Amino acid sequence: MADLSLLQDSQEDTDGYGYSSESDAIIIPSALDFVSQDEMLTPLGRLDKYINSENVFNRQMVARSILDTLRVISDDDRECVCVLERIERLADDSEPTVRAELMEQIPHIAIFCQENRPSIPFAFSKYLLPIVVRYLADQNNVVRKTSQAALLVLLEQELMDRGDVESLVCPVLVDLTAPDSNDDVKTEAMAIICKMAPMVGKDITERLFLPRFCEMCCDCRMFHVRKVCAANFGDMCSVVGGEATEELLLPRFFQLCSDNVWGVRKACAECFMSVSSATSPEVRRSKLSSLFISLISDPSRWVRQAAFQSLGQFISTFARACSNAGQYFRDSSGESDWTHGTNTDGACGSSAETPSVSPQQNCVSHNASGCEEQSRDDDDDDVGEEGGGEQTAEVLSADDESECLPGETENPLTSPGHNLQEKSSNENICCAASLDIPDHELFNSFHYWRTPIPELDLNLLEEDIPASTAPALDRKHLEELIENLEPHIDDPDVKAQVDVLTAALRATVLDSGIEDAFLEPRPAQSNPFSSQQPPDLLSAGTQLSRYDEDSDASDSLNPEDEQKSKHQDVVPQALLDQYLSMTDPSRAQTVDMEIAKHCAYSLPGVALTLGRQNWHCLRDTYETLASDMQWKVRRTLAFSIHELALILGDHLTAADLVPVFNSFLKDLDEVRIGVLRHLYDFLKLLHQDTRRKYLYQLQEFLVTDNSRNWRFRSELAEQLVLLLELYSPQEVHDYLRPLAFCLCTDRVSSVRWTSYRLVSEIIRKLSTCSALLGNFLSELVDKFCHSSKWSGRQAFAFVCQLSIEEECLTLDQFSEHLLPPLLQLASDPVPNVRVLLAKTLRQTLLEREYFLNSANCHQEALEHTLVTLQTDVDKDVKYFASIHPGSNRLNEDAMSTTSSTY
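### Describing the overall build of the protein
When helices and strands are tallied, the protein shows 50 helices and two strands. Within the protein, buried positions represent 50% of all 902 residues. Summarising the internal contacts of the protein: among those between residues at least 6 apart in sequence, 70% fall at separations of at least 24. Here the protein has roughly 42,900 Å² of accessible surface; of this, 50% comes from carbon and sulfur atoms.

Below is the structure:
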């Protein structure tokens, strides 16, 4: 009875869960009932059922499943059109979450229709695009944001027809930015317009977007709109081009830079480089420079901070076509083009090689991580005009000696091969012919490479300058002398003469009231002696002498002369002075605590812009940054020192960068990693004797502040692989061999694997010297093949496999030195070693015809070893010895073994 009562209670309790109290039958739950009903419906029927559901989640599910439905019925065009019509109905849903879910699916649906339903060409423009455009003005913020993101994706994927963009999308966006629009909608629409401009191109942007953009820049009521315009101003300038930028956009930009909201001015400072890149050099120098100075001195600290961060980038836009900074203007095929190397990572990022760009575009992105590099071969080719290199000086001497014979008065600068203008040539020839030069001075280092300078009585001129009477030389004569001297202004002696002559000329114009006009900086294009001339106008001798004197003159300058030495004519001096002041400690207190880091980040770009002839302007700043107390500053310089070396050339690198490089080698690991990551890039630029000295210091990289920093050792192994080409086989054997063996026994498998490749490359390097190769392979066998640790014996098999796969040595050399000890591993007690041996024999050695030849003395030993492995007790060894695995790629098999055994 007790059991019966319990059963009855149980039945009563379960009645509510689908059990019948009158029978033992179980009733199917309602959810399963729905499932069986859905299975009887067609895909369109299920869509109709849940689109009309009162449950919001069901309608969301419909929006999420539309793409799956299209895939199911993709073979029927008619049903696909029916699904697209349902999408229109779902787009009218009153629930924002449903509309947002639908908009997230629109790009995926559009891609599907384009790829799978080309038979419905109107699918996107008729059914999907109107929904996207309508949602741009939706009252719900989430829906608007989703539609904006979907619109950009559709444009990026080129899923929209250009005609639809122009006729359907652009007018709606312009209307949304009308003065009577909602503030949030107006701001968002302007942001979309700015992002769309680079995608739709110049024509549509100028006709449809540019007028409204200019209007929104002056929106007095909404500073948010002005801030959006300011933040995207550079992109708009780059799209519409220089003419529209200078005529229409620059006036608005000036207004934005003086906006009463500091956030707008800050946005202007952040995009200043892009705006500058779209303008002409004259506008950049005459208007934008003073505008940028006003931002640097802005009352708001945040604006000043942004301006200083953009200062180096803005300076880089002043780079000229003839900048002697590691980029070259070539005219070998009759068409001039800009060529430059690939960007390497420095403090940040990387860029791809561009075959043909404008000078401004080429120099805009130069910073610590973005300085354009030139191959060493190209640097050697153009070193005559770049400066530096004893070898080039000897070649020039040999070439010019045959043309300038004793007694001749021909000016070397006007000889064939120098493309001087006719007027300038005639003036120089007359100047040279009017001088009586002694024969013994015809070939001295001063007269050899330039027009001889007339002797002037400096004392007489200095006495006459303050006098009220007319100077000894008339104004016209002084101007001619200055004009002839300006090409060689970098020479300290010539510069001193020019200063005296300029002072004398200033005295002649005091009474005429034109002093101010004379002292104004000349426009770059009107100065025939500016550095915008083609590089071949300056001979190699000028560059060589200039660099030698620059390196020696800095120590003996008094404060006044030192200030003069910071002057140059590439960028406005006020900008350079502000940049040099970024190392001032007071700037860190009043502007930004990391201002020195920003200075270091952009220094290679500034150096590239100024050219190596103006390195003296940056030398002190670089030394200050290199000794900064913040390791982040030194780290930034360490990552870019190889780029700076490429810009400066051999002589300046040896004088100014090598000491800094040496100090970085002894710095914190955070700084040393920057040097280590580009060790090869820097050392390859040094002279062979200087480069050889660093062989003694490479072992110091094995010692780190934190022994767990295995990536440091992995980077060392990768750099050693590159460094092999810089040193002789003997140097590799003596200095790099111990490092390689040490890294091969590292605790981290990733370091060991890179080191195995290093060992194989050392074998390749030593393969040309039989004595060194024999010693190295003998040590390799002793240390690894006969190692007491099974990991060492496995490493030996890895190296053997790599050496054959990469053809690091001949098969005869391999058979003589490595094959006998390799076959001995068939009796190794560790299965993992025998597995790798089986892979090496089957996948590598027996793939070579050399080892299959019956005449080969090692064939019998190979076959015997393979038979032994095929009968091994370990099933993996037996498998790899008897059956060729599916893949014969060395790295996959080797690394799979590594991951499973280490």
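Structure's up, so let's keep going.
### Examining the packing of helix α10 (residues 183-200) against helix α12 (residues 223-231)
Running from N to C, α10 and α12 cross one another at 10 degrees; their axes reach a closest spacing of 9 Å. In terms of their interaxial angle, α10 and α12 are classed as roughly parallel. For the pair formed by α10 and α12, the contact residues are K186, T187, M190 and A191 on the first element and H224, V225, V228 and C229 on the second.

### Section: the environment of D681
As for its position among the elements, D681 is in helix α37 (residues 679-683). When the C-alpha positions of D681 and L722 are compared, they lie 9.1 Å apart, and in sequence the two are 41 residues distant. Polar side-chain contacts of D681 include one of 3.2 Å to the side chain of H678.

### Structural notes on the packing of aromatic side chains
As enumerated under the stated definition, the model contains 21 aromatic pairs in all. Seen from their ring centres, F253 and F272 are 5.5 Å apart, and the 55 degrees between their planes marks the pair as tilted. Remark: F272 occurs in helix α16 (residues 272-277) and F253 occurs in helix α14 (residues 242-257); sequence separation between them is 19 residues. Taken together, the aromatic side chains of F213, F233, F253, F272, F292, F314 and F318 make up a single cluster linked through ring pairs. In this structure, K839 is placed above the aromatic ring of F880, and the distance from its NZ or CZ to the ring centre is 4.6 Å.

### Considering the pattern of salt bridges
Taken as a whole and assessed by the stated rule, the structure comprises 28 salt bridges. For D183, the salt bridge is made with R221, and the minimal N-O distance between the two is 2.9 Å. Linking D183 in helix α10 with R221 in the loop between α11 (202-217) and α12, this pair joins segments that are 38 residues apart in sequence. Looking at D183, the relative accessible area reads 26%, which means it is partly exposed. Residue R221 is classed as exposed on the basis of its relative accessible area, which comes to 53%. The salt bridge involving K632 is made with E594; its shortest N-O contact spans 4.0 Å. Taken together, the residues span a long stretch of sequence, with K632 in helix α34 (residues 631-648) and E594 in the loop between α31 (585-590) and α32 (595-610) at a distance of 38 residues. By relative accessible area, K632 is classed as partly exposed at 36%. Given the relative accessible area of 31%, E594 is considered partly exposed.

### Some details on the environment of I315
In this structure, I315 sits in helix α18 (residues 301-316). Sequence separation between I315 and L576 is 261 residues, and the spatial gap between their C-alpha atoms is 7.8 Å. With residues near it in sequence (within four places) discarded, I315 still touches V571, L575, Y579, V606 and T609.

### Comments concerning helix α46 (residues 831-844)
Compared with the 20 Å implied by 1.5 Å per residue over 14 residues, the 19 Å span of α46 between its first and last C-alpha is a close match. Counting buried positions over the 14 residues of α46 gives twelve, a clear majority of the element. Those residues of α46 lying buried are V833, R834, V835, L836, L837, A838, K839, T840, L841, R842, Q843 and T844.

### Details of helix α49 (residues 875-882)
Where α49 is concerned, the buried positions are V877, F880 and A881. One side of α49 carries all its buried residues, which in axial view fall inside an arc of 100 degrees. Where α49 is buried, its residues touch α46 and α48 (859-870). Structurally, the start of α49 carries an N-cap: the backbone nitrogen of D876 is 2.9 Å from a side-chain oxygen of D874.

### Observations regarding the confidence of the model for the protein
Predicted confidence across the protein gives a mean pLDDT of 75, with 67% of residues reaching 70 or more. Low pLDDT, under 50, characterises residues 322-472; the stretch is placed with 258 contacts to residues that sit more than four places away or in other chains. In this model residues 886-902 is a low-confidence stretch, pLDDT under 50, and it forms 29 contacts with partners more than four residues away in sequence or in other chains.

### Considering the state of the cysteines
Scanning the model with the defined rule gives zero disulfides in all. With no disulfide of its own, C214 has C217 as its nearest cysteine by sulfur position, at a separation of 6.1 Å. A relative accessible area of 7% means that C214 is categorised as buried. C785 provides the cysteine sulfur closest to C800, a residue in no disulfide bond, and the two sulfurs are 7.4 Å apart. The class for C800 is buried, based on a relative accessible area of 0%.

### Observations concerning the packing of α11 against α12
The contact between α11 and α12 brings their axes to 8 Å, and the two run at 125 degrees. In this view, α11 runs oblique relative to α12, as classed from their interaxial angle. In this structure, α11 crosses over α12, and the sense of that crossing is left-handed. Where α11 approaches α12, its residues F213, M216 and C217 are matched on the opposing element by V225, R226 and C229. For the contact of α11 with α12, the per-class residue count stands at five nonpolar, no polar and one charged.

### Here we look at the environment of T187
With respect to the element layout, T187 can be found in helix α10. In sequence terms T187 and M222 are 35 residues apart; their C-alpha atoms lie 8.5 Å from each other. Beyond its immediate stretch of four places on either side in the chain, T187 contacts M222, H224, V225 and V228.

### Focus: unusual backbone geometry
If you check the backbone angles, E158 has positive phi at about 55 degrees while not being a glycine. The residue E158 is located in the loop between α8 (141-156) and α9 (162-176) in this model. Although it is not a glycine, E807 adopts a positive phi angle of roughly 55 degrees. Within the fold, E807 resides in the loop between α43 (790-805) and α44 (811-817).

Analysis parameters
Residues numbered from 1 in each chain as written. Predicted model: local features only at pLDDT ≥ 70, side-chain atom pairs only at ≥ 80, totals over all residues. Heavy atoms only, no water. Helix = DSSP H or I, 4+ residues; strand = E, 2+ residues; numbered from the N terminus. Buried < 20%, exposed > 50% of the residue type's maximum accessible area, 1.4 Å probe, protein only. Contact = heavy atoms within 4.5 Å. Areas by Shrake-Rupley, 256 points an atom, 1.4 Å probe, with all protein chains shown as cover. Axes fitted to C-alpha atoms, helices over the stretch in contact; angles between N-to-C directions. Parallel < 35°, antiparallel > 145°, perpendicular 65-115°, else oblique. Polar contact = N/O pair within 3.5 Å; in protein donor to acceptor, adjacent residues only side chain to side chain. Phe/Tyr/Trp six-rings, centres within 6.5 Å; stacked < 30°, edge-to-face > 60°. Lys NZ or Arg CZ within 6 Å of the ring centre and 35° of its normal. Salt bridge = Lys/Arg side-chain N within 4 Å of Asp/Glu carboxyl O. Expected span 1.5 Å × (residues − 1). Arc of directions from axis to C-beta. pLDDT = per-residue confidence, 0-100. Disulfide = S-S within 2.5 Å. Left-handed = near helix turned anticlockwise from the far one by under 90°. Nonpolar A, V, L, I, M, F, W, Y, C, P; charged D, E, K, R; others polar.

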